[in-house]
Amino acid sequence: MAVAKKDVRKEANFQWEGVDKKGKKIRGEMRAGGEAVVNATLRRQGITVTKVKKQGGLKRGKKVTEKDIALFTRQLATMMKAGVPLLQAFDIVGKGHSNPSVQKLLGDIKADIESGSSMSQAFAKQPLYFDALYVNLVGAGEQAGILDTVLERLAIYKEKILAIKGKIKSALFYPISILVVAFVITAVIMIFVVPAFKELFTSFGANLPAPTLVVMAISDFFVAYWWAIFGSIGGAFWFFFYTWKRSRKMQMVMDRLFLRLPIFGIVIEKATIARWTRTLATMFAAGVPLVDALDSVAGAAGNQVYFEATKKIQGEVSTGTSLTVSMQNAGVFPNMVLQMTAIGEESGSLDAMLNKVADFYEAEVDDAVAALSSLMEPIIMVVLGVLIGGLVIAMYLPIFKMGQVV
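Here is what the cut-offs are and how they apply
- Residues numbered from 1 in each chain as written.
- Predicted model: local features only at pLDDT ≥ 70, side-chain atom pairs only at ≥ 80, totals over all residues.
- Heavy atoms only, no water.
- Helix = DSSP H or I, 4+ residues; strand = E, 2+ residues; numbered from the N terminus.
- Polar contact = N/O pair within 3.5 Å; in protein donor to acceptor, adjacent residues only side chain to side chain.
- Contact = heavy atoms within 4.5 Å.
- 1 Å grid on protein atoms, 1.4 Å probe; cavity = no way out; pocket = protein on both sides within 12 Å on 5 of 7 lines; lining within 4 Å.
- Points joined across faces, edges and corners; volume = space filled by probe spheres on them.
- Salt bridge = Lys/Arg side-chain N within 4 Å of Asp/Glu carboxyl O.
- Buried < 20%, exposed > 50% of the residue type's maximum accessible area, 1.4 Å probe, protein only.
- Axes fitted to C-alpha atoms, helices over the stretch in contact; angles between N-to-C directions.
- Parallel < 35°, antiparallel > 145°, perpendicular 65-115°, else oblique.
- Left-handed = near helix turned anticlockwise from the far one by under 90°.
- Nonpolar A, V, L, I, M, F, W, Y, C, P; charged D, E, K, R; others polar.
- Phe/Tyr/Trp six-rings, centres within 6.5 Å; stacked < 30°, edge-to-face > 60°.
- Expected span 1.5 Å × (residues − 1).
- Arc of directions from axis to C-beta.

Turning next to the side chain of T277. Among the structural elements, T277 can be located in helix α11 (residues 264-285). A polar side-chain atom of T277 sits 2.8 Å from the main-chain carbonyl oxygen of I273. Of the polar contacts made by the side chain of T277, one reaches the backbone oxygen of A274; its length is 3.2 Å. Contacts of T277, omitting those with residues within four sequence positions, involve V337, L354, V357 and A358.

With that settled, the discussion passes to empty space enclosed by the protein. One pass over the structure, following the stated rule, counts one cavity of 30 Å³ or more. Together, I168, A171, L172, F264, V267, I268 and L372 line the largest cavity. The set of elements that each furnish at least two residues to the lining of the largest cavity consists of α8 (147-202) and α11.

Another point: the layout of surface pockets. Volume-wise, the largest pocket comes out at about 1,500 Å³. Lining the largest pocket are 38 residues; nearest its centre among them are L172, W244, D255, F258 and G302. Elements with a contribution of two residues or more to the lining of the largest pocket: α8, α9 (210-246), α10 (248-259), α11, α12 (290-300) and α13 (304-318). Residue contributions to the lining of the largest pocket peak at 12 residues, all from α8.

If charged atoms from side chains of opposite charge come close, those side chains can pair. Per the stated rule, a full pass over the model turns up 10 salt bridges. As a salt-bridge pair, K270 and E364 come within 2.9 Å of each other at their nearest N and O atoms. With a gap of 94 residues between them, K270 in helix α11 and E364 in helix α16 (residues 350-405) connect regions that are remote in the sequence. Given the relative accessible area of 18%, K270 is considered buried. In the salt-bridge network here, residues are joined through shared partners; they are R278, D359 and E362.

The subject of this paragraph is the packing of helix α7 (residues 132-144) against α8. Where α7 meets α8, the closest approach of the two axes is 8 Å, and the angle between their N-to-C directions is 155°. Taken together, the axis directions place α7 and α8 in an arrangement best described as roughly antiparallel. Our pair here, α7 against α8, has a crossing hand that is right-handed. Contacts from L133, Y134, L137, V138, G141 and E142 in α7 reach L147, V150, L151, L154, Y157 and K158 in α8. Of the residues belonging to the contact of α7 with α8, the class tally is nine nonpolar, one polar and two charged.

Below, the discussion takes up the packing of aromatic side chains. Evaluated as defined, the whole model comprises 14 aromatic pairs. Their ring planes at 45° and their centres at 5.7 Å tell us that F72 and F90 sit as a pair that is tilted. Of this pair, F72 sits in helix α3 (residues 66-81) while F90 sits in helix α4 (residues 86-96), and the two are 18 residues apart along the sequence. Seen in terms of ring centroids, F90 and F123 are 6.4 Å apart; in terms of plane orientation they differ by 45°. Their pairing is tilted. Pair noted here: F90 is in helix α4 and F123 is in helix α6 (residues 119-124), with a separation of 33 residues, a long-range link. Of the two residues, F90 and F123, neither departs from the other in class, the shared state being buried.

Take the environment of M395 next. When you line up the elements, M395 lands in helix α16. If we ignore the near neighbours within four places in the chain, the residues touching M395 are V194, F197, F201, T212, V215 and M216.

Another aspect to go through is the packing of α9 against α10. For the pair α9 and α10, the least separation of the axes is 6 Å and the interaxial angle reads 105°. When the interaxial angle is binned, α9 and α10 end up roughly perpendicular. Residues F240, T243, W244, K245 and R246 of α9 touch α10, and the partners they reach there are R248, M250, Q251, M254, D255 and F258. Classifying every residue of the contact of α9 with α10 gives five nonpolar, two polar and four charged.

Over its 15 residues, helix α5 (residues 100-114) extends 21 Å from the first C-alpha to the last, a length consistent with the 21 Å expected when each residue adds 1.5 Å. Most of α5 is tucked away, with 11 of its 15 residues classed as buried. Phi turns positive one or two residues past the end of α5, at G116, with a value near 115°.

Taken together, the buried positions of α4 are occupied by A89, F90, V93 and G94. End-on view of α4: buried residues confined to an arc of 125°, all on one side of the axis. Exposed residues on α4 whose side chains face more than 90 degrees from its buried face are K95 and G96. The elements touched by buried residues of α4 are α3, α5 and α6.

Below, the structure written as structure tokens:
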């Protein structure tokens, strides 16, 4: 197996030209370990090779995104439902994609399958793009002989998770972008505009109002230490995101904080519950045992609080406790989720009930994001008005006072 893997890494793309059994000139492309392999493969197909040329390395493409994986899953599921052979389906999807990075990824997976690996093993060799949940579901589909059905469920799952993430990002992007723009405008006013007014006011020789003096003092600090301000902010953001990605304790603290935010916390909580229930429903419907499914659900929760809660639930379920009681003991699920789970367990339709819960909370997130957008606009306008308007008034107060004196 190790030798096969080594050979796959040495493979390259070759363009070839030749003549078939009927004397017709044909050309094509092939991924192989060398020109000799290309010649041998084509000879077996009855083609007389006239020219073989190794292509340069693949163009550097964009990075492979979750959207690319979701689209690939949907295309592969559709082709398998239509009866297209697996390797041919990989070939069609790979060549039809515009991103060279995706083409290379699918080519590597196809080569692994051709060398004798199962589809789940081939996916497991690409952990950056296919998580444990994806690999486990594909493995369950292969064992049960329902790979096309599992891939379709995976495609639906990926599409819904992408949609919910998109809604959360859109809810957070608008206020964050406005705050960043407000900070930049304020910095520009403090560094370039206020000093010009300061020179003008110095020539007046009169006492300046307190708000003007405060703004001028802040401006002096900005002008003197602008490098320290921007450096500190940049360093703080870098340290924050670096620590957040690598420290579980930091993730736990931040995820707890996010869930307690006054406005955004409810949206994040509903989105997390929707993702949690959708993941468990997808795993359970594919025939993955509950304890194993919970292991993948913990990783897919996207929130450290729910990760720890899921690990606790998994431990209790493995000792014989029902899922509903274990979820109740975790203390992070609303009563409606617990009741629906209990009904699902009693009726033997847990996956259907969890899917209904996920649908409900996804609709709740839609409504919450819509309400949030309409609520944030006036709040942001007031904040910007007070900030920028306050600066302008503070700088024009001396001019107004001069006008009154005149």
